[in-house]
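# Structure assessment
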Amino acid sequence: MVSVALIQDDYIGTLREATKLFLIARKYSDVDVATNLSSIILYSLAKLSQLDKIEEILKHPDYVKFISSQEALAFKTFILLTQKNTQEVIKTFEKIKKSLVDPIHEGILFNV
């Protein structure tokens, strides 16, 4: 269901189904599935321009353990760019670029 909704650009449906499945995956400690679903949830929120919700998820303890630090940074820079705060994006990247491990998340490279 998640992939069908995603293919059809139904981001609200994708978000609904991915959230349900994320809760189940988390309950049964399925790390791989929960990690993939957290990425889908963030992507869907980004497509819906729900910046506040993205920020909430990036701080929520149930989600944080399934989101890599580079993916979190990619979405944080996305939020800053959407808010037209390019100087903060550059400053953030310059501060942490030496600590980034290859391969660097494509979202970070695109946003910077």
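Residues numbered from 1 in each chain as written. Predicted model: local features only at pLDDT ≥ 70, side-chain atom pairs only at ≥ 80, totals over all residues. Heavy atoms only, no water.

This part is about a nonpolar patch on the surface. Together, Leu 21, Ile 24 and Tyr 28 make up a nonpolar patch on the protein surface, roughly 320 Å² of accessible area in all. Among the structural elements, Tyr 28 can be located in the loop between α2 (11–27) and α3 (31–47). The exposure class assigned to Tyr 28 is exposed, which follows from its relative accessible area of 60%. (Patch = residues over 30% accessible without salt bridge, like charges linked within 9 Å, V, L, I, M, F, W, Y side chains within 5 Å. Areas by Shrake-Rupley, 256 points an atom, 1.4 Å probe, with all protein chains shown as cover. Salt bridge = Lys/Arg side-chain N within 4 Å of Asp/Glu carboxyl O. Helix = DSSP H or I, 4+ residues; strand = E, 2+ residues; numbered from the N terminus. Buried < 20%, exposed > 50% of the residue type's maximum accessible area, 1.4 Å probe, protein only.)

A few words on the pattern of salt bridges. Opposite charge on two side chains makes pairing possible when the charged atoms of those side chains draw close. Following the criterion strictly, the structure yields 3 salt bridges and no others. Glu 17 is paired through a salt bridge with Lys 20; the nearest N and O atoms lie 3.5 Å apart. Highlighted residues: Glu 17 and Lys 20, both in helix α2, separated by 3 residues, approximately one helical turn. Here Lys 91 and Glu 88 are joined by a salt bridge, their closest N and O atoms 3.7 Å apart. With Lys 91 and Glu 88 both in helix α7 (residues 86–96) and 3 residues apart, the pair spans about one turn of that helix. Overall, the relative accessible area of 29% leaves Glu 88 in the partly exposed class.

Contact geometry of α2 with α3 gives a least axis separation of 9 Å together with a crossing angle of 155°. Here α2 lies roughly antiparallel to α3, going by the angle between them. Once α2 is placed against α3, the crossing between them reads as left-handed. Here Tyr 11, Thr 14, Leu 15, Ala 18, Thr 19, Leu 21, Phe 22 and Ala 25 of α2 come into contact with α3, specifically with Val 33, Ala 34, Leu 37, Ser 38, Ile 40, Ile 41, Tyr 43, Ser 44, Leu 45 and Lys 47. (Axes fitted to C-alpha atoms, helices over the stretch in contact; angles between N-to-C directions. Parallel < 35°, antiparallel > 145°, perpendicular 65-115°, else oblique. Left-handed = near helix turned anticlockwise from the far one by under 90°. Contact = heavy atoms within 4.5 Å.)

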